[in-house]
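Structure assessment
One letter stands for each residue in the lines below.
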Amino acid sequence: MSTAWKFHEENGIGILTFDKPDTEINVLSGQHLGEFRDQVTAIAARRDLKGLLITSAKPRIFIAGADINEINGIVTEKDAFEKAEQGKQIFQVLEDLNIPTVCVINGACLGGGYELALACSHRVASFSDNVKIGLPEVNLGILPGFGGSIRLPALVGLTRGLSLILAGKINSAKDALKNGMVDKLFPEKTLFEDALSFARALQGKKSRKPRKKDAMTAFFEDNFIGRGLVFRRARADVAKRTKGFYPAPFEVIHLIEKTYGKISRESYRLESEHFSRLGTTQVSKNLIKLFFMSERYKKLAWTGTKIKTAPVKKVGVIGAGVMGGGIAQLVSNRNIPVRVKDIQDKALGGALREAASIYKSGLKRGKVKKFEMERKMALISTGLTLQGFRTSDMVIEAVVEDLGIKQKVFKELGDLCGSQTVLASNTSSLSVTQMAAAARHPERVVGLHFFNPVHRMPLIEIIRAAQTSNETLERTVQFSRQLGKTVIVVKDAPGFLVNRLLLPYLNEAAYLMESGIPAEALDRIAEEFGMPMGPIELVDQVGIDVGYKVAHILQEAFGARMKVAAILETVKGQGLLGKKSGKGFYVYSGKDKKPNPEVRITASGPRVSQEDALKRMMYIMINEAARCLEEKVVDSPATVDIGMVMGTGFPPFRAGLLHYADSVGLVKVVEDLKRFSAEVSRDRFEPAPLLVDLAAKNKGFYTGL
Amino acid sequence: MKRIAIVDGVRTPFIKAWTLFDALPAQKLGGMCVRELLERTDFDPAKVDEVIMGCVGQPIDAANVARIISLYAGIPVDKKAYTVNRNCASGFEAVTSAIEKIQAGQNEVVIAGGAESMSNAPLTFSKEAAGIFMELSRAKSLGNRLAVLSKFRLKHFQPVAALQLALTDPVCGLNMGQTAEVIAKKFGISRERQDAFALESHKRVIASREKLREEMMSVALPQKFEKFVLDDNGVRENLTAEQLAKLKPVFDRHSGSVTAGNSSQITDGACALLVMEEEKAKSLGYEILGTVAGYDYAGLEPSEMGLGPAFAIEKVLRRTGLALSDIQLFEINEAFAVQVLACIEAMDCKKFAEKNYPGGKPLGRIDLSLLNVNGGGIALGHPVGVSGARLIMTCLREMKRRGLQRGLVSLCIGGGQGGALILERNA
């Protein structure tokens, strides 16, 4: 007797309800699929039912997807093929029922869950905000393998179906209705009764009205020329977006190209084939790893306590630069009033401009409507004094990177604000502990490091100073999540985590430039590895003066291994500041960049191979990460990986820096580090004890710690 | 009756219509002003019970502009708001309504003030033209549409400025300037005297720039936020009597004396005051600006609306049992120089008192050196829905500077009314 699927009837309409036992989340595992098949087979044998409803007993969730652990467990292509075929065959039995089947969606209906819905003749959902419908498999490096890649384009049309699957878009109820992914929406309260009436009104007939197409759509979908254009465009878009690192979108395009408009047994088999190729790739495995990690980090309890903190209702920002403006926009976007202070009107204008421009681009991309934008912008107010800060729940300082000035700010704030106000610093390199020492109630001081651009980078680094209380930390973690960001908590050490790893990488690139490798080549090597931007262009982007300053702070803290490359000193001395001044290592004009002839290098030392160049840049980060773990600046390798992927764009398809290290094998990493230590620089490349230890035990970061 | 305090207030710079604030409608001016008030007072928006705003030319796309202002300022949705219109004293009415609501126990904390964007007063089609447009939208066939279109005449495309209509009183058929001329002739106040008064208004504003900055917020101008407006821009530096004398009378070409130079200007701006019981303010630790001892409104002949203060002041003095000589500082809105001067004369005139005051006795003469000491509407402008609130705030701040205990604020009101309010401070 099945335990997850239950069947009952109401006046000739069958109702199948899914309720996975012992958990709050409905996912479809192989076992439940088997139970489902048994249920549907029994229903098929009956002659007396007029229709079937398929629903979930769990509030807020219909079926959140197939069991990802099972997908992760796939080892061979044969495994994958069989899994896909199994699911498809079961859903085929469903599709083959000769009564109308109505899928009743009350919450999250994603991946395999929506593929089940697609095998029904009709789909209805509620208006609730909990309804989320989509096929996001591409984000895990696979594609919908239970028939979704075939059924969705057939249902909603080629262009829509293709774009929904390629983007892995998760749709709200209203969007799903517009897209044709559901047929009707009902109020949440009466969803079940309304679905029953809907089913009865079908009077035992499965047939659907054909989709209405306008001339444009018909052109693109109904003839091979139009379709050819669609696929060509899709390939170009995907190539640009993924730079060839992610195979899944291409497999999707290839599959749909072969199967659209001609559904047959063969099309489904092709889907299983394409799925099987993807299911075994390292990319997919890595994306799944990353998915599990980011889900975990969205809710991780950093203080280990269950402190309930009051939500932040008012924020103050001191320092109206680009960061200040970005933070103000981020906060106002969550409907929290925010007050920005600076010493000059000019700076305040800049912050308002920055916020307005972020909203405008959101308007263009349809992420915010004009009337919402007006209301949110109105929540940002500016001033030249500390008026308005006393009653802030959270004050974030983003003033110039000068310890003396920051301490002054914290002293003033400490005297002005109530003891419950969290005082946070957006510093990227200075000691939060020293800032806290200047404030009254230092236990409420914390570091809150945003990444640039604030509205797009998903990471916030929270820095726990020596004095920071659990209460403050918890409040800051909740606040950051309120802002929609993923949080890592690190100890207050120079560079914290992300900058401490990034700077040696940039520095090493500079050394490699000195050895004769041109900037463009170095950037290309890094981009081919998967970094979103090469190191030299990144230095230009951040600002050579800024990079130089942080590099020196790290050199001061960590000594010879972070010795700043001479070329950075030279370039800074020449007055080249990077993108913001139009000239740095590159010269920028519009969207173009060319190597700057003013940067003169006299190559010294032996030629370095491309392979070694990449290794030096990557392994120096791995080495430094090992030190961060040794010193307990971070608590785990997963924190390092989340930080690097979400804070610097380290390639997600490698699942992060330390997953990458483990995939290379730490024995090899240590070997190369030892070679570089002997041949290039002992200071920079001496392997960290933790690394040597793990390598000796033949373990990785994730298996040995 | 509980004593009601004006805790604090702030206003935007007052800007000549169709200049710097042209792109800022009343709801935005009001919204940023109320937000600034909350910041300056560190007051929790969730503790504001109601927002009452004066606004004469309510934006057609922001019905009940006070509500929009309240939400834009970040006050929670469960709080109340409404908009008042007592023409030129709407900003006053907002405050006196707030007082009444608090005394009635309906509210504990009110933000009262005004917001006006005369720049954005709409241009309207005549009723006849509007009718033809409506017909057009209902016509279905091409034939019908053409038939309706042929009804249009050139005159139908002549827009009517709503502003012009608003500043004309339909009962007496005179616009505001024409009522000022009525008074000029009745009281025989010369062109020279009016111009001198106007010149003094400008001079006083210029001399008080620093003081005025205390009550103002700076406004960053969209869309580029490159310019911050810090000062009122209606005032003219280096204005001379000769320049004023050159202007032609606007409302009576032949025998008039009222010119653009001795009238108030058409202006955009907003003002917001935090109002609550004096006891409550003290318990929250606020140092208040002052309290309201009493107020009143009076009705009079619409064609002589400029004399409104002469009537309202008598009423409020009678109500509070005070004499004119008890008042140490005065603010009378400068709708027109002639109208202020006429009021001063009327209040000191036996015949006027016998005709209009129940006691039959004149009130006395207001010393010009105690009136509008930091300038007035002629130099600063008169955003109709706002001025009343500004006058209250500006009077209280000056009373504080001078250590005075009693001030009086008054306005004339288009349509034939006057309003007056007495303010008190503990020295």
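Residues numbered from 1 in each chain as written. Chains lettered and ligands numbered in written order. Predicted model: local features only at pLDDT ≥ 70, side-chain atom pairs only at ≥ 80, totals over all residues. Heavy atoms only, no water.

**Examining the overall build of chain A**
From N to C terminus, chain A includes 31 helices and 20 strands. Computed over the C-alpha atoms, the radius of gyration of chain A is 28 Å, within 12% of the 27 Å expected from 2.2 N^0.38 for a compact globule of 705 residues. Expressed along its principal axes, the backbone C-alpha trace of chain A runs to roughly 85 × 60 × 55 Å. Within chain A, the proportion of its 705 residues that are buried is 57%. (Helix = DSSP H or I, 4+ residues; strand = E, 2+ residues; numbered from the N terminus. Rg over C-alpha atoms; globule rule 2.2 N^0.38 Å. Buried < 20%, exposed > 50% of the residue type's maximum accessible area, 1.4 Å probe, protein only.)

**Some thoughts on the side chain of B:Thr96**
Residues and elements named next belong to chain B. By secondary structure assignment, the location of Thr96 is in helix H3 (residues 90–103). For Thr96, the side chain forms a polar contact with the main-chain oxygen of Glu93, separated by 3.2 Å. Here Thr96 is in contact with Tyr295, Tyr297 and Leu421, once residues within four sequence places are set aside. (Polar contact = N/O pair within 3.5 Å; in protein donor to acceptor, adjacent residues only side chain to side chain. Contact = heavy atoms within 4.5 Å.)

**A look at the domain arrangement of chain B**
Along its sequence, chain B is carved into domain 1 (4–121 + 265–421) and domain 2 (124–160). Its C-alpha centre places domain 1 of chain B at a distance of 43 Å from the equivalent point of domain 2 of chain B. (Domains from an automatic or database assignment.)

**Brief notes about the confidence of the model for chain B**
In the predicted model, chain B carries a mean pLDDT of 94, and 100% of its residues have values of at least 70. Across the whole predicted complex the pTM is 0.89, and at the interface the ipTM reaches 0.87. (pLDDT = per-residue confidence, 0-100.)

**With respect to the sheet that holds strand S7 (residues 122–126) of chain A**
Residue and element names in this part refer to chain A. Sheet architecture is open: 6 strands sit in the order S1-S2-S3-S5-S7-S10, paired in mixed fashion. Taken across any chain shown, the strands that pair with only one partner, and hence form the sheet edges, are strand S1 (5–10) and strand S10 (184–186). Averaged over all pairs of adjacent strands, the angle between their axes in this sheet comes to 25 degrees, without regard to strand direction. With 3 bridges joining them, strand S3 (residues 51–56) and strand S5 (residues 101–105) adopt parallel strand pairing. The residue bridging Leu53 from the neighbouring strand is Val102, located in S5. (Pairing = 2+ DSSP bridges. Axes fitted to C-alpha atoms, helices over the stretch in contact; angles between N-to-C directions.)

**Things to note about the side chain of A:His274**
Tracing the sequence through the fold places A:His274 in helix H12 (residues 265–279). Residue contacts for A:His274: discarding those within four places in its chain leaves A:Leu143, A:Glu251, A:His254, A:Leu255 and A:Lys258.

**Examining the pairing of strand S5 (residues 109–117) of chain B**
Residues and elements named next belong to chain B. Burial analysis of S5 places 9 of its 9 residues in the buried class, the great majority of the element. Neither face of S5 is exposed, since Val109, Ile111, Gly113, Ala115 and Ser117 on one face and Val110, Ala112, Gly114 and Glu116 on the opposite face are all buried. Sheet topology note: the S5/strand S12 (residues 267–277) ladder contains 9 bridges and is antiparallel. Paired with Val110 across the bridge in S12 is Val275.

**Digging into helix H26 (residues 637–648) of chain A**
Residues and elements named next belong to chain A. Here H26 contains 12 residues, and its C-alpha end-to-end distance of 16 Å stays within 8% of the 16 Å for a straight helix at 1.5 Å per residue. When you tally the buried positions in H26, you get 12 out of 12 residues, the bulk of the element. Turning to H26, its buried residues number three or more, namely Pro637, Ala638, Thr639, Val640, Asp641, Ile642, Gly643, Met644, Val645, Met646, Gly647 and Thr648. Once H26 ends, the next one or two residues include Gly649, with phi positive near 75 degrees. (Expected span 1.5 Å × (residues − 1).)

**Some remarks on the pattern of salt bridges**
In this structure the tally under the stated criterion is 78 salt bridges over all chains. A salt bridge links A:Arg233 to A:Asp237; the shortest N-O distance between them is 3.8 Å. In this pair, A:Arg233 and A:Asp237 both sit in helix H10 (residues 224–242), 4 residues apart, roughly one turn of the helix. In this structure, B:Glu210 engages B:Arg213 in a salt bridge whose closest nitrogen and oxygen atoms are separated by 3.4 Å. Residue B:Glu210 and its partner B:Arg213 are both found in helix H9 (residues 209–213); the two are separated by 3 residues, about one turn of the helix. Among the residues examined, B:Glu210 registers a relative accessible area of 57% and is labelled exposed. Here the salt bridges share partners, and the residues they tie into one network are A:Lys314, A:Arg339, B:Arg35, B:Glu36, B:Glu39 and B:Arg40. (Salt bridge = Lys/Arg side-chain N within 4 Å of Asp/Glu carboxyl O.)

**Digging into the pairing of strand S14 (residues 394–397) of chain A**
All names here are of chain A. Residue alternation in S14 divides its side chains into two sets, Met394 and Ile396 and Val395 and Glu397, and both sets are buried. The sheet contact formed by strand S11 (residues 315–318) and S14 spans 4 bridges and is parallel. If you follow Ile318 over to S14, its bridge partner there is Glu397. Here 4 bridges tie S14 to strand S15 (residues 422–425), and the two strands are oriented parallel to one another. Residue pairing across strands places Val395 opposite Leu423, the latter belonging to S15. Each parallel crossover has a hand, and the one from S14 via helix H17 (residues 403–416) to S15 is right-handed. (Right-handed = clockwise from strand over helix to strand, strands pointing away.)

**Brief notes about the environment of A:Ile380**
Residue and element names in this part refer to chain A. Position of Ile380 relative to the elements: it lies in strand S13 (residues 380–383). Overall, the relative accessible area of 9% leaves Ile380 in the buried class. Residues Ile380 and Gly324, spaced 56 residues apart in sequence, show a C-alpha to C-alpha distance of 11 Å. With residues up to four places along the chain from it excluded, the contact list for Ile380 reads Ala328, Gln329, Ser332, Val338, Val340, Leu352 and Ala355.

**Topic: a nonpolar patch on the surface**
All names here are of chain A. There is a patch of nonpolar side chains on the surface, built from Phe219, Phe224, Ile225 and Leu229 and spanning about 430 Å² of accessible area. A per-element tally of the nonpolar patch places H10 first, with 3 residues. Residue position: Leu229 is located in helix H10. Here Leu229 falls in the partly exposed class, since its relative accessible area comes to 35%. (Patch = residues over 30% accessible without salt bridge, like charges linked within 9 Å, V, L, I, M, F, W, Y side chains within 5 Å. Areas by Shrake-Rupley, 256 points an atom, 1.4 Å probe, with all protein chains shown as cover.)

**Observations regarding the environment of A:Phe245**
Residues and elements named next belong to chain A. Structurally, Phe245 is set in the loop between H10 and helix H11 (247–259). Here the alpha-carbon distance between Phe245 and Phe529, two residues 284 residues apart in the chain, equals 9.1 Å. Once you skip the residues sitting within four places of it in the chain, Phe245 turns out to touch Val283, Glu527, Glu528, Phe529, Gly530 and Phe653.

**Some remarks on the sheet that holds S11(A)**
All names here are of chain A. Strand order in the open sheet formed by 8 strands is S13-S12-S11-S14-S15-S16-S17-S18, with mixed pairing between adjacent strands. Two strands bound the open sheet, and with one partner strand each, they are S13 and strand S18 (486–491). Taking each pair of neighbouring strands and ignoring which way they run, the sheet shows an average axis angle of 25 degrees. Strand direction decides the pairing type here: strand S16 (residues 445–450) and strand S17 (residues 459–464), joined by 4 bridges, are antiparallel.

**A word on a positive patch on the surface**
Residues and elements named next belong to chain A. A surface patch of like charges, here positive, comprises Arg160, Lys174, Lys178 and Lys369. On the secondary structure map, Arg160 appears in helix H6 (residues 158–167). By relative accessible area, Arg160 is classed as partly exposed at 39%. (Lys, Arg positive; Asp, Glu negative; His and termini not counted. Charge placed at Lys NZ, Arg CZ, Asp CG, Glu CD.)

**Things to note about the interface of chain B and chain A**
Chain B puts 19 residues into the contact, and the matching count from chain A is 22 residues. Roughly 1,800 Å² of surface becomes buried between chain B and chain A when both sides are summed, with 51% attributable to carbon and sulfur atoms. For the pair chain B and chain A, the number of links is 5 salt bridges. A salt bridge links B:Asp42 to A:Arg390, with the nearest nitrogen and oxygen atoms 3.5 Å apart. (Buried area = accessible area lost by both parts, 1.4 Å probe.)

**Let's talk about the packing of helix H20 (residues 498–514) of chain A against helix H23 (residues 544–558) of chain A**
All names here are of chain A. Interhelical geometry of H20 versus H23 gives an angle of 105 degrees and a closest axis separation of 10 Å. Put simply, H20 runs roughly perpendicular to H23. Across the interface between the two elements, Asn499, Arg500 and Leu503 from H20 touch Gly547, Val550, Ala551, Leu554 and Phe558 from H23. Per-class residue counts for the contact of H20 with H23 are 5 nonpolar, 2 polar and 1 charged. (Parallel < 35°, antiparallel > 145°, perpendicular 65-115°, else oblique. Nonpolar A, V, L, I, M, F, W, Y, C, P; charged D, E, K, R; others polar.)

**Thoughts on unusual backbone geometry**
Residues A:Asn452 and A:Pro453 are joined by a peptide bond in cis, for which omega reads -5 degrees. Note that A:Pro453 resides in the loop between S16 and S17. Residue B:Gln223 is reached from B:Pro222 by a cis peptide bond, and omega for that bond is 5 degrees. Within the chain, A:Arg60 stands out as a residue other than glycine whose phi angle is a positive 75 degrees. Topologically, A:Arg60 is positioned in the loop between S3 and strand S4 (61–63).

**Section: the packing of aromatic side chains**
Throughout the structure, instances matching the rule amount to 23 aromatic pairs over all chains. For the ring pair B:Phe43 and B:Tyr286, a centre distance of 6.4 Å and an interplane angle of 40 degrees mean the geometry is tilted. Linking B:Phe43 in the loop between helix H1 (26–41) and strand S3 (50–54) with B:Tyr286 in the loop between helix H11 (278–283) and strand S13 (290–299), this pair joins segments that are 243 residues apart in sequence. For the pair B:Phe43 and B:Tyr286, one class covers both residues: buried. Between B:Phe311 and B:Phe352, the aromatic rings sit 5.5 Å apart at their centres with planes inclined by 70 degrees, giving edge-to-face as the arrangement. Note that B:Phe311 is positioned in helix H12 (residues 308–320) and B:Phe352 in helix H14 (residues 350–356), a separation of 41 residues in sequence. By the burial criterion, B:Phe311 is buried, and B:Phe352 matches it. One aromatic cluster is present, built from ring pairs that chain together A:Trp5, A:Phe18, A:Phe36, A:Phe91 and A:Phe146. (Phe/Tyr/Trp six-rings, centres within 6.5 Å; stacked < 30°, edge-to-face > 60°.)

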